[in-house]
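Listed below are the residues making up each chain.
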Amino acid sequence: MHKFNLIIIKTAVAFFTVAFALNLVTGMSLLRDNFYFQKYFYKMQWDWAKSEIEFIKFYHGGFGAWLRAKKQEKPIAPNESAQSIPVLLYHGVIDDSDWEPDEVNISFANFKKHMFALKKAGYETITLNDYIAFSKGEKDLPEKSFLLTFDDGRKDSFFGADPVLRTVDYTAVMYVITGRSLDMSDQKSPFHLSKLELEKMIESSRWQIGSHTQNGHGDIIIGPDGEKGHFMSNLMWKEEYKRFETREEYIERIEQDLKNSKSEIKNVLGVKGISFAYPFGDFGQASENFPASREILPKLVDPIFPLSFRQAGNNQYPINYSEGPSLSKRINIASNVSAKDLLAILESNEEKPLDDKIYYIKDTDWQKSWGDIEAIDNALFVGNSEWEDSAMTFLGGSYLWKNYDVQASASIIKGNNFSISTRFKDENNYASCEYSDTRVVLFQRSGGIEKPFIEKDIFTNIVGRKTEVSMRAQNNWVGCYLDGNLIVSGNLDNNLDHGGLGFKVWDSTGKGVIIKLENLIIKKLP
Amino acid sequence: MNGTHNKIIGLDWSDLFYKSFIILSGLFLVFFVILFKSKTTTDFQLEPTFFSYAIFVTTFEVSRIISAMLYNSSFKSLLDESRPNKYPEKYQPNVAFVIPCLNEEEAISESITQCFKIDYPEDKLEVIVVNDGSTDNTETVISKLKNHYPRLRVISWPNQGKRWAMAAGFKLSNAEIVVQLDSDSQVDPDTFHELIAPFQNPEVSAVCALGKAKNADANVITKMQASYYFVSFRILKAAESTFNTVFCLSGCCSAYRKKDVMPVIYDWLSENFLGRPVTWGDDRSLTSWLLKAGKRTVYADKAIAYTVVPDSWKKLMKQQIRWKKSWIINALLTSRFIYKKQPFVALFYYFPLVAISFLTPFVAFHAMIYAPLMDGIMPMYHIIGIILLTALMVIYYRYLDKNDNYWPYLFLWSLLNLFFLSFIIAWAAIRIQDRGWGTRQA
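Residues numbered from 1 in each chain as written. Chains lettered and ligands numbered in written order. Predicted model: local features only at pLDDT ≥ 70, side-chain atom pairs only at ≥ 80, totals over all residues. Heavy atoms only, no water.

(A) Structural detail: the overall build of chain B. When helices and strands are tallied, chain B shows 16 helices and 10 strands. Residues counted as buried form 58% of the 442 residues belonging to chain B. (Helix = DSSP H or I, 4+ residues; strand = E, 2+ residues; numbered from the N terminus. Buried < 20%, exposed > 50% of the residue type's maximum accessible area, 1.4 Å probe, protein only.)

(B) Fine view of the side chain of B:Asn244. Mapped onto the elements of the fold, B:Asn244 is located in the loop between helix H9 (220-242) and strand E7 (253-257). Contacts of B:Asn244, omitting those with residues within four sequence positions, involve A:His2, A:Leu6, B:Ser74, B:Leu78, B:Arg296, B:Thr297 and B:Val298. (Contact = heavy atoms within 4.5 Å.)

(C) Main features of the packing of helix H13 (residues 313-341) of chain B against helix H14 (residues 343-375) of chain B. Residues and elements named next belong to chain B. For the pair H13 and H14, the least separation of the axes is 9 Å and the interaxial angle reads 155 degrees. In terms of orientation, H13 and H14 fall into the roughly antiparallel class. For the pair H13 and H14, the sense of crossing is left-handed. Here H13 contributes Trp-327, Ile-328, Asn-330, Ala-331, Thr-334, Ser-335, Ile-338, Tyr-339, Lys-340 and Lys-341 to the contact with H14, which in turn contributes Pro-343, Ala-346, Tyr-350, Phe-351, Leu-353, Val-354, Ser-357 and Phe-358. When its residues are assigned to classes, the contact of H13 with H14 shows 12 nonpolar, four polar and two charged. (Axes fitted to C-alpha atoms, helices over the stretch in contact; angles between N-to-C directions. Parallel < 35°, antiparallel > 145°, perpendicular 65-115°, else oblique. Left-handed = near helix turned anticlockwise from the far one by under 90°. Nonpolar A, V, L, I, M, F, W, Y, C, P; charged D, E, K, R; others polar.)

(D) A look at a positive patch on the surface. All names here are of chain B. A contiguous patch of positive charge, built from Lys-292, Arg-336, Lys-340 and Lys-341, is present on the exposed surface. The element contributing the most residues to the positive patch is H13, with three residues. Structurally, the position occupied by Lys-340 is in helix H13. (Patch = residues over 30% accessible without salt bridge, like charges linked within 9 Å, V, L, I, M, F, W, Y side chains within 5 Å. Areas by Shrake-Rupley, 256 points an atom, 1.4 Å probe, with all protein chains shown as cover. Salt bridge = Lys/Arg side-chain N within 4 Å of Asp/Glu carboxyl O. Lys, Arg positive; Asp, Glu negative; His and termini not counted. Charge placed at Lys NZ, Arg CZ, Asp CG, Glu CD.)

(E) Structural detail: the packing of helix H2 (residues 39-60) of chain A against helix H6 (residues 155-168) of chain A. All names here are of chain A. Their axes nearest at 8 Å, the elements H2 and H6 cross at an angle of 40 degrees. The angle between H2 and H6 places the two elements in the oblique class. The hand of the H2/H6 crossing is right-handed. Side by side, H2 and H6 meet where Tyr-40, Met-44, Gln-45, Asp-47, Trp-48, Ser-51, Glu-52 and Phe-55 of the first sit next to Phe-158, Phe-159, Asp-162, Pro-163, Val-164, Arg-166, Thr-167 and Val-168 of the second.

(F) Spotlight on the sheet that holds strand E6 (residues 204-213) of chain B. Residue and element names in this part refer to chain B. Strands sit in the order E3-E2-E1-E4-E7-E6-E10-E5 across an open sheet of eight strands; the sheet is mixed. Taken across any chain shown, the strands that pair with only one partner, and hence form the sheet edges, are strand E3 (152-157) and strand E5 (185-187). Pairwise comparison of adjacent strand axes, ignoring direction, gives a mean angle of 30 degrees for this sheet. As judged from the five bridges shared by strand E4 (residues 177-181) and E7, these two strands associate in the antiparallel manner. Residue pairing across strands places Ile-177 opposite Arg-257, the latter belonging to E7. Its contacts with the sheet place helix H4 (residues 71-80) against E6 and strand E10 (296-307), and it is angled at close to 105 degrees to E10. Those strands touched by helix H5 (residues 108-116) are strand E1 (95-101), strand E2 (125-132), E3, E4 and E5, and its axis lies near 10 degrees from that of E5. (Pairing = 2+ DSSP bridges.)

(G) Representation of the nonpolar core within the structure. By size, the foremost hydrophobic cluster in this structure holds 136 residues, and its most contacted members are B:Phe97, B:Leu152, B:Val179, B:Phe192 and B:Leu195. Broken down by element, this core gets its largest block of residues, 10 residues, from H9(B). Setting aside anything within four residues of it in sequence, one finds B:Leu195 in contact with B:Val179, B:Val207, B:Cys208, B:Ala209, B:Cys253, B:Ala255 and B:Ala303. A:Leu193, A:Trp207, A:Ile333 and A:Phe424 belong to the second largest nonpolar core, which has 54 residues in total. (Core = buried A, V, L, I, M, F, W, Y, C linked by side-chain atoms within 4.5 Å.)

(H) Summary view of the pairing of strand E21 (residues 429-436) of chain A. Residues and elements named next belong to chain A. With eight of eight residues buried, E21 lies mostly within the body of the structure. Here E21 shows no split at all, with Asn-429, Ala-431, Cys-433 and Tyr-435 on one side and Tyr-430, Ser-432, Glu-434 and Ser-436 on the other all buried. Pairing between strand E20 (residues 417-426) and E21: seven bridges, direction antiparallel. By the bridge assignment for E21, Asp-426 is matched with Asn-429. From the end of E20 to the start of E21, which pair antiparallel, there are two residues. Sheet topology note: the E21/strand E22 (residues 439-446) ladder contains six bridges and is antiparallel.

(I) Up close: the environment of B:Glu61. All names here are of chain B. If you trace the backbone, Glu-61 turns up in helix H3 (residues 48-69). As for Glu-61 and Leu-389, which are separated by 328 residues in sequence, their C-alpha atoms are 7.9 Å apart. Dropping the residues within four chain positions of it, Glu-61 is found in contact with Leu-389, Leu-392 and Met-393.

(J) Highlighting the state of the cysteines. For the structure shown, the criterion picks out one disulfide over all chains. One disulfide bridge connects A:Cys433 with A:Cys480, the sulfur atoms lying 1.8 Å from each other. Taking the sign of the S-S torsion, -85 degrees for the link of A:Cys433 and A:Cys480, the bridge is left-handed. Of the two residues, A:Cys433 is situated in strand E21 and A:Cys480 in strand E26 (residues 477-482); the sequence distance between them amounts to 47 residues. Exposure remark for A:Cys433: the relative accessible area of 0% places this residue in the buried category. Here B:Cys252 is not disulfide-linked; the sulfur of B:Cys253 is the nearest cysteine sulfur, at 6.3 Å. On the accessibility criterion, B:Cys252 (5% relative accessible area) is buried. (Disulfide = S-S within 2.5 Å.)

(K) Just the pattern of salt bridges, in detail. Overall, the coordinates contain 39 salt bridges over all chains when judged by the stated rule. Salt-bridge contacts for A:Glu249 lead to A:Lys238; the nearest nitrogen and oxygen are separated by 3.5 Å. One end of the pair, A:Glu249, is in helix H9 (residues 247-269); the other, A:Lys238, is in strand E10 (residues 237-238), and 11 residues separate them in sequence. If you follow the salt bridges from partner to partner, you end up with B:Glu176, B:Arg257, B:Lys259, B:Asp260 and B:Lys295 in one network.

(L) Highlighting the packing of aromatic side chains. The tally for this structure, following the rule as stated, stands at 52 aromatic pairs over all chains. Here the aromatic rings of A:Phe146 and A:Tyr170 are separated by 5.5 Å at their centres, their planes lie at 80 degrees, and the arrangement is edge-to-face. You can see A:Phe146 sitting in strand E5 (residues 145-150) and its partner A:Tyr170 sitting in the loop between H6 and strand E6 (172-176), a full 24 residues away along the chain. Exposure remark for A:Phe146: the relative accessible area of 0% places this residue in the buried category. Look at A:Tyr170 and you get buried, because its relative accessible area is 0%. Ring centres 6.3 Å apart and planes at 70 degrees place the aromatic pair B:Tyr350 and B:Phe351 in the edge-to-face group. Judged by its relative accessible area of 1%, B:Tyr350 is buried. Residue classification places B:Phe351 among the partly exposed positions, given a relative accessible area of 32%. By way of ring pairs, the aromatic residues A:Tyr317, A:Tyr321, A:Phe394, A:Tyr399, A:Phe424, A:Tyr430, A:Phe443 and A:Phe453 are connected into one cluster. Just above the ring of A:Phe58 sits the side chain of A:Lys120; from NZ or CZ to the centre is 5.0 Å. (Phe/Tyr/Trp six-rings, centres within 6.5 Å; stacked < 30°, edge-to-face > 60°. Lys NZ or Arg CZ within 6 Å of the ring centre and 35° of its normal.)

In structure tokens, the structure reads:
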């Protein structure tokens, strides 16, 4: 009986041991790549739990207040519809105490502050489809809507941002370089998101995926001496033939890359890649050997990706209106932007109602094209910065203004020219009244082309005194006033049917400038 | 008899269920250890050894616990075999204690006295003390005791070594069962019959008692050893005993069937390694010779013996080096025959054990020294893994005896092992030709 018993025991032990070992081996090899068994997965859960608590403290001021607030009815969402949508652009979200600000990425702590502040201020994210519908003018979105985007398909942006998004219930779009994330090769990048992670992102319904090219996020050889330039906006130098690629080859190369990246998103992730982000924000404007790419690229991108994004330049309103989804603008959020700065940026770009009489003296309301702005004691000082010898500023949220009159008392402290702009859309579309010592010019630029200007030689004596200047834009008529008198007037190009307010100051000798603007009054005209 | 069915199969199902629960909770724990450990090896393809090591060690420990859980069942069936027809109710064979001693003037007296306290027929119990050339007052102490216990037999000769002293006892006694007792150890008179009971089964050649640290409460070193003794007897030896193949019948107190020992006693006495006689490791070696002869060796969980454990780092280290040396030599000896005699045990226990004990120093070196210095990888996961494995042991430890309070020291012991003791085997291998005892003279 003992021998029989021993056989049973041996069998049991052998069975358990082998089964256990097999379980471990198979379990490990199966779960090694399982999303839920990755270190970062647990870190994300932990970050999420922490950020939930931090958010309650931040939003409600404490748990007691939070419990009380839960009982009360939720505030009704703003009913007014947004006239513009800001799109924020982030790259990596880095949770590493050794990391130092690098202009491109943002720290986890700072990102969290951004999102919490946005949530508390009432901002809500929208989806790509909503955005497209808005930009086509097909859909009204509530005020304080914005789109959140991340470039380069980096792991750290997902790991860092997702717990925060989950807390504040936001969605975001990840622009993936498909050649680095979705290629069929087994080579796993430690930096770029993997197929598995992207699938989980889509599954969470917090993330949408867009294209950031297949392999176009980098440099190619663009000259016989091995010069390098952006993949998308330059002609490639073909070393074996000692020539540049032809225009047709260029189109073929770009089109192929775009199509591949779209089909990879479709085939590997099973979602439609409807949007595209230009690598480095270069849609041809930064081309080194092929300026025509500026015209060609949108024509190649738009049929494949109805929605495309660039980065907003300094000389334009960084937000988007219902003017079509192609080449939409994004605000790049650099490392050092604080939550307060971010709110100020969005706030200053909110539509400013054109009432009968308004004073805009807060310096954060003004966007810097170049130079510096400062508001001191109800006066606005516009001057050059170290790097430029002139200055230009425009009023955020004034893009949709039509008929209005601008008055100001201008004192030139340094420099000898200044101008008021109305109907300002960007550096290529505006009208302005330029004042110098000897003349006043009504200048306009539309679609980047200078229109014939109207000028009047007049001794203005603008330097060294306080000058009352004003500019009036009404329908397609615009007039420049000095000390209450109409000096020049003319008709505007049809393109300039609306646009905001700007000031520019420069010096013909290039010695630096400062202008003080007081008693700024903007009047709505019928 | 109630529960006959269970006894025949040897499995108590409700107990098994509880044990399975322990195993499962352990598995859960260990599973995570391994998953996390696999993350520290940045690339499996690069370091399969260290990856496999974790699986290997974990599996081994779990298989130990499972085997230990089946110990009671195996042991009971060994005793129950065909009783009551075959064996008399009161089994009391002739028993002889053999106590070799060398300069033990303080401890010897109690060791001998305890033997005479055993409730056993006088004519069937003899105590033989072999004074192996003591230079202190041992001789006097023994003489005094002889006056008190006339039945005490004393051999006194110049120093010959522990093995020869033991062998003399075997030869001299006429008893059927010879209990080998260290001079600093005592049997527990109340549980003595448990040590003898397994010999009812004629297949059993030797029985090892449960060794407990007598001076457990002295300091943290002895407390750690108390917890380690608990594990090494009640879990590891029990697991070995499940298959009637205990590999080391502890020197502190083990009983042998004389007629099974005598055929191998000269092989044992003349054991050589690399041309020099092996002076220590007598217990492990004698067990091996018995196993080689195809004998059964078991462990009696209820028979208790007390022994004095080293109470200073220096003594502990000397003892550990000696044990490791004897393990190295004995592993080579045993490996040569065990797969023929006990293929199951060899495959599932002995060879894995040998592999682990020789791999561990390398893995510990890699995790604790190489990786932190060369790759900047801190051994956090390795240490967590060791602690969790110990925790698994502790779960079963607590199940076995809820009143034993030394279990927290098992964690200390594991860490000591990790940081220090696992490297000692390397030192032991280097110094293998030094056959000195360290703690006592040969």
